Amino acid sequence: MGLFTQAAELEKNNRAFAFIQIVESRGSTPRHNASMLVDEDGNSQGTIGGGMMERLVLEQAKEALAQGQSRVFSGRMARQGEGAVGSDCGGAMKIHIAVQPRRPQLVLLGAGHVNRAIAVVAAPLGFEIALMDTWKENLDHPDLPPASRKLLVESFTAGIQQLTLDDNCYVVIATNHQDREALEHTIGSSVRYLGLLASRRKIQTFRAELEKRGVDAADIAALRSPIGLDIGAETPEEIAISVIAEILQVKSGASAVSLQSTTLAVVSK
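This section reports on the structure supplied with the text. The shown structure was predicted, so the numbers you read here are calculated from the model rather than taken from an experiment.

1. Re unusual backbone geometry
- The amide bond that connects Ser-225 to the next residue, Pro-226, takes the cis arrangement and shows omega of -5 degrees.
- Among the secondary structure elements, Pro-226 is positioned in the loop between α8 (217-222) and α9 (236-252).
- Look at Asn-14: it is not a glycine, yet its phi comes out positive at around 55 degrees.
- Position of Asn-14 relative to the elements: it lies in the loop between α1 (3-12) and β1 (17-26).
- The exposure class assigned to Asn-14 is buried, which follows from its relative accessible area of 6%.

2. A closer look at the environment of Ala-117
- Considering the arrangement of structural elements, one finds Ala-117 in helix α3 (residues 113-122).
- Owing to a relative accessible area of 10%, Ala-117 belongs among the buried residues under this scheme.
- In this structure, the C-alpha to C-alpha distance between Ala-117 and Leu-223, residues 106 residues apart in sequence, is 21 Å.
- Ignoring anything within four residues of it in the chain, the contact list for Ala-117 reads Pro-236, Glu-237 and Ala-240.

3. Side note on the pattern of salt bridges
- Under the defined criterion, the tally for this structure stands at 13 salt bridges.
- Between Arg-180 and Glu-209 there is a salt bridge, and its shortest N-O distance comes to 2.9 Å. Here Arg-180 is found in helix α6 (residues 179-184), whereas its partner Glu-209 is found in helix α7 (residues 200-212), with 29 residues between them in sequence.
- For Arg-180, a relative accessible area of 38% corresponds to the partly exposed category.
- We classify Glu-209 as partly exposed; its relative accessible area is 29%.
- A salt bridge links Glu-246 to Arg-224, with the shortest nitrogen-to-oxygen separation between them at 3.3 Å. One end of the pair, Glu-246, is in helix α9; the other, Arg-224, is in the loop between α8 and α9, and 22 residues separate them in sequence.
- Here Arg-224 falls in the partly exposed class, since its relative accessible area comes to 30%.
- Where salt bridges share partners, they join Arg-15, Glu-40, Asp-41, Arg-102 and Asp-166 into one cluster.

4. Things to note about the layout of surface pockets
- There is about 290 Å³ of room inside the largest pocket.
- Around the largest pocket sit 13 residues that line it, and Pro-226, Ile-227, Gly-228, Leu-229 and Ser-242 are the ones nearest its centre.
- Looking at side-chain class alone, the lining of the largest pocket contains eight nonpolar, three polar and two charged residues.

Cut-offs and rules
Residues numbered from 1 in each chain as written. Predicted model: local features only at pLDDT ≥ 70, side-chain atom pairs only at ≥ 80, totals over all residues. Heavy atoms only, no water. Helix = DSSP H or I, 4+ residues; strand = E, 2+ residues; numbered from the N terminus. Buried < 20%, exposed > 50% of the residue type's maximum accessible area, 1.4 Å probe, protein only. Contact = heavy atoms within 4.5 Å. Salt bridge = Lys/Arg side-chain N within 4 Å of Asp/Glu carboxyl O. 1 Å grid on protein atoms, 1.4 Å probe; cavity = no way out; pocket = protein on both sides within 12 Å on 5 of 7 lines; lining within 4 Å. Points joined across faces, edges and corners; volume = space filled by probe spheres on them. Nonpolar A, V, L, I, M, F, W, Y, C, P; charged D, E, K, R; others polar.

Written as structure tokens, this is what we have:
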């Protein structure tokens, strides 16, 4: 399998990888024009010439993948001096390590009208979208984005146990009548965002129940409910915009303050 075919397969399966390419070569080096690829599990394909240079580049690529940031590595095939890699060939290489991170995962527990609208709004934003429901009719709705993953489960308890919930996940709970069940199996997970569509009275009840069960106070505080930014949303479509705006705020670490307010603050100075 060629490097670009392998890269396309990894991207399709939402696996992070780094594409490594020689961008400059001087003097005596094993290769002058070559590429290789390494995935998030450390598996590599191709070669830029082997030896200490390749070994160090692979270490750099794994670090870059862990940080989610591309980088340039420069090394000299010498035993001493700046950039020395510990060999005697005498040449020098500059390597570009281009990181393709995993797409953020948007997990929508419940595929009713609000989460359906959220899926539609999120579709062009680069999320890998998964919708889970116990109702087949909800998952068969024609408005759902074709590329979204649809998970029909017997229960949210069983379904959530099949998911890998990590800090690349954004989870919204909006079920028909199984919010408590879904929340019990997601609270305290390492997801980046956990939101529950609920009234203030309902969430007060849920939070009290979680406290009685001994759920960590920090985990309860991390739960976002009611969800979304305050834009006066009422319809499912308006709520979807509000929720996605809040998720994007968390994803980027932004303040969500009005741009007009920040502009006026700068002008007033």
